[in-house]
Amino acid sequence: MASRCEIACEILLAIFLPPVGVGLRHGCCSAEFFICLLLTILGYIPGIIYALYAIVFIDRNKFRGDDYHVVA
């Protein structure tokens with residue numbers, strides 16, 4: 001889990017440079033990064049909105065693959 005200071009820095013970066021904030025949170029080759037980059041190119045405000053959503057609400061640990069357990 002990320003610390004409050006880390007999340008606050010990512011939010012500040014997301015306001016000024018949306019793809020950078022998302023890239024720090026989810027990685028520079030993730031789908032979230034490319035969506036944010038595209039939205040920022042098309043319009044700065046949609047990029048900011050998506051970056052804040054991606055940082056605050058999307059859990060990066062959910063898709064890492066560490067939660068899989070052997071069934072049989």
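The preceding data block contains the structure.
How each quantity is defined
- Residues numbered from 1 in each chain as written.
- Predicted model: local features only at pLDDT ≥ 70, side-chain atom pairs only at ≥ 80, totals over all residues.
- Heavy atoms only, no water.
- Helix = DSSP H or I, 4+ residues; strand = E, 2+ residues; numbered from the N terminus.
- Contact = heavy atoms within 4.5 Å.
- Areas by Shrake-Rupley, 256 points an atom, 1.4 Å probe, with all protein chains shown as cover.
- Buried < 20%, exposed > 50% of the residue type's maximum accessible area, 1.4 Å probe, protein only.
- Patch = residues over 30% accessible without salt bridge, like charges linked within 9 Å, V, L, I, M, F, W, Y side chains within 5 Å.
- Salt bridge = Lys/Arg side-chain N within 4 Å of Asp/Glu carboxyl O.
- Axes fitted to C-alpha atoms, helices over the stretch in contact; angles between N-to-C directions.
- Parallel < 35°, antiparallel > 145°, perpendicular 65-115°, else oblique.
- Left-handed = near helix turned anticlockwise from the far one by under 90°.
- Nonpolar A, V, L, I, M, F, W, Y, C, P; charged D, E, K, R; others polar.

> Explain the overall build of the protein here, please?
Secondary structure summary: the protein contains 4 helices and 0 strands in total. Each helix (α) and strand (β) of the protein, taken in turn from the N terminus, gives the series α-α-α-α. The contacts in the protein between residues at least 6 apart in sequence include a share of 47% that link residues at least 24 apart. Surface summary for the protein: the accessible area is close to 5,300 Å², and the carbon and sulfur share equals 71%.

> Explanation requested: the side chain of E32 in the structure shown.
When you line up the elements, E32 lands in helix α3 (residues 31–42). The exposure class assigned to E32 is buried, which follows from its relative accessible area of 18%. What E32 contacts, discounting residues up to four positions off in sequence, is V22, H26, Y50 and I58.

> Is there a simple way to explain a nonpolar patch on the surface in this structure?
Taken together, the side chains of L12, I15, F16, L17, V20, L24, Y44, I45 and I49 define a hydrophobic patch exposed on the protein surface, amounting to about 890 Å² of accessible area. Those elements giving two or more residues to the nonpolar patch turn out to be α1 (4–16), α2 (18–26) and α4 (44–56). Mapped onto the elements of the fold, F16 is located in helix α1.

> What exactly am I supposed to notice about α2 here?
Burial within α2 is extensive, with 7 of its 9 residues counted as buried. Along α2, the positions that sit buried rather than exposed are P18, P19, G21, V22, G23, R25 and H26. Directly beyond the C-terminal end of α2, a positive phi value near 100° is found at G27.

> Can you help me understand the packing of α2 against α4 in this one?
Helix-helix packing is described using two parameters, namely the angle between the two axes and the distance between the axes. For the pair α2 and α4, interaxial distance at closest approach is 9 Å and the crossing angle is 20°. Overall, the two elements α2 and α4 adopt an arrangement that is roughly parallel. When the axes of α2 and α4 are compared, the crossing they make is left-handed. On the side of α2, the interface is formed by P18, G21, V22, R25 and H26, while α4 contributes Y44, G47, I48, A51, A54 and I55. Broken down by class, the residue content of the contact of α2 with α4 amounts to 7 nonpolar, 3 polar and 1 charged.

> Can you help me understand the environment of F33 in this one?
Note on placement: F33 falls in helix α3. Contacts of F33, omitting those with residues within four sequence positions, involve P19, V22, G23, G27 and C28.

Geometric values such as these leave the question of function open.
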